[in-house]
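# Structural overview for review
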Amino acid sequence: MFERIKEDIQSVFHRDPAARTTFEVLTNYPGLQAIWWHRVSHKLWKANWKWLARTLSTLARWLTGVEIHPGATLGRRFFIDHGMGVVIGETAEIGDDVTLYHGVTLGGTSWQSGKRHPTLEDGVVVGAGAKVLGPIRIGKGAKVGSNSVVVKDVPPEATVVGIPGRIVTVKTADAETSHRDRIAKKYGFDAYAVSPDNPDPVANAIGRMLDHVHLLDTKVEELCKAVNEVGGNVCTDALPSIDLDEFDGLANSTESHAKLDDFDPKI
């Protein structure tokens with residue numbers, strides 16, 4: 001028991017730079033206190049002391065502002081930052097090293113018995129005010145943005161934002177990242193793929209366009225090679241490099257703004 005308490009305190013120091021001393025953590029972190037209250041009420045719930053477990057849970061809610069149903073399952077090094085307004089339902093399952101911020105709800109969408117609440121795998125972070133609803137699964141290392149409403153499964157390492165929650169970032173495979181880096185060097189465009197998981201839609205659009213250009217360039221190289229093998233003499237010029245400094249003046253010119261106004265997004 002004491003090892004778990006020490007582990008909980010260390011998890012606060014690892015994830016909250018405002019924490020200064022152990023005494024401060026023990027006395028001024030209601031999220032941590034709520035977790036300790038829950039461990040007692042959870043044991044009572046498992047021992048079939050249902051009323052006593054719910055009563056202890058209600059008392060903990062009055063004292064900490066955090067409502068955790070005694071039937072919920074919490075992993076190791078679980079951290080609730082600030083805590084006020086957090087609600088965790090009966091059949092919720094939370095893995096190790098999960099972080100919740102204030103106002104988070106892990107709720108249900110059905111009155112039927114059985115699994116009604118979400119499962120959060122290891123390392124999940126849920127931002128302030130977010131609502132994760134229903135018997136869904138949030139994958140390992142995923143992040144839920146503040147005030148999002150998530151009602152569908154989220155894959156590992158993904159980032160979800162909005163109402164309803166939509167995936168804006170999925171971890172890019174190392175092979176894909178290195179492939180895009182090679183394309184960037186080939187075209188002399190070093191700024192490309194600096195952040196492969198960038199949620200910026202413009203950056204993503206440019207990335208996809210350059211992928212397409214690279215594919216076309218590969219096909220042209222193959223065609224030129226075939227023509228040269230039969231006696232032709234084509235495609236002898238090297239690809240031009242892209243100078244990023246040239247875009248600075250272009251972005252500020254009135255001509256460029258006029259061209260952007262005429263751009264048809266359907267093309």
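Note: the structure precedes this text.
The shown structure was predicted, so the numbers you read here are calculated from the model rather than taken from an experiment.

### Comments concerning the layout of surface pockets
Taken as a whole, the second largest pocket holds about 360 Å³ of empty space. Lining the second largest pocket are 11 residues, and of these R4, W36, R39, V40 and K43 sit closest to its centre. Breaking the lining of the second largest pocket down by element, the ones donating at least two residues are α1 (2–15) and α3 (30–46). For the lining of the second largest pocket, the element with the highest residue contribution is α3, accounting for 6 residues.

### Side note on the sheet that holds strand β7 (residues 119–120)
Strand order in the open sheet formed by 3 strands is β4-β7-β10, with parallel pairing between adjacent strands. A single partner strand is all that each edge strand has here, and the edge strands are β4 (93–94) and β10 (137–138). Here 2 bridges tie β7 to β10, and the two strands are oriented parallel to one another. Residue pairing for β10: T119 is matched across the bridge by R137.

### Regarding the nonpolar core
Ranked by size, the top nonpolar core spans 29 residues in total, and within it F78, I88, L100, V126 and I138 carry the most contacts. Residues I9, V12, A19 and L32 belong to the second largest nonpolar core, which totals 7 residues.

### Looking at empty space enclosed by the protein
Within the structure shown, the criterion is met by 1 cavity of 30 Å³ or more. Here the largest cavity defines a volume of roughly 50 Å³. Lining the largest cavity are A34, W37, H38, S41, S57, A60, R61, V66 and I68. Of all the elements in the fold, those that place two or more residues in the lining of the largest cavity are α3 and α4 (50–64). At 4 residues, the largest contribution of residues to the lining of the largest cavity is made by α3. Looking at the lining of the largest cavity residue by residue, the classes come out as 5 nonpolar, 3 polar and 1 charged.

### A word on the pattern of salt bridges
According to the stated counting rule, one finds 6 salt bridges in the structure shown. For the salt bridge of E67 with R61, the shortest nitrogen-to-oxygen distance reads 3.2 Å. By relative accessible area, R61 is classed as partly exposed at 35%. A salt bridge links E121 to R137; the shortest N-O distance between them is 3.0 Å. Of this pair, E121 sits in the loop between β7 and β8 (125–126) while R137 sits in strand β10, placing them 16 residues apart in sequence.

Cut-off values and rules
- Residues numbered from 1 in each chain as written.
- Predicted model: local features only at pLDDT ≥ 70, side-chain atom pairs only at ≥ 80, totals over all residues.
- Heavy atoms only, no water.
- 1 Å grid on protein atoms, 1.4 Å probe; cavity = no way out; pocket = protein on both sides within 12 Å on 5 of 7 lines; lining within 4 Å.
- Points joined across faces, edges and corners; volume = space filled by probe spheres on them.
- Helix = DSSP H or I, 4+ residues; strand = E, 2+ residues; numbered from the N terminus.
- Pairing = 2+ DSSP bridges.
- Core = buried A, V, L, I, M, F, W, Y, C linked by side-chain atoms within 4.5 Å.
- Buried < 20%, exposed > 50% of the residue type's maximum accessible area, 1.4 Å probe, protein only.
- Nonpolar A, V, L, I, M, F, W, Y, C, P; charged D, E, K, R; others polar.
- Salt bridge = Lys/Arg side-chain N within 4 Å of Asp/Glu carboxyl O.

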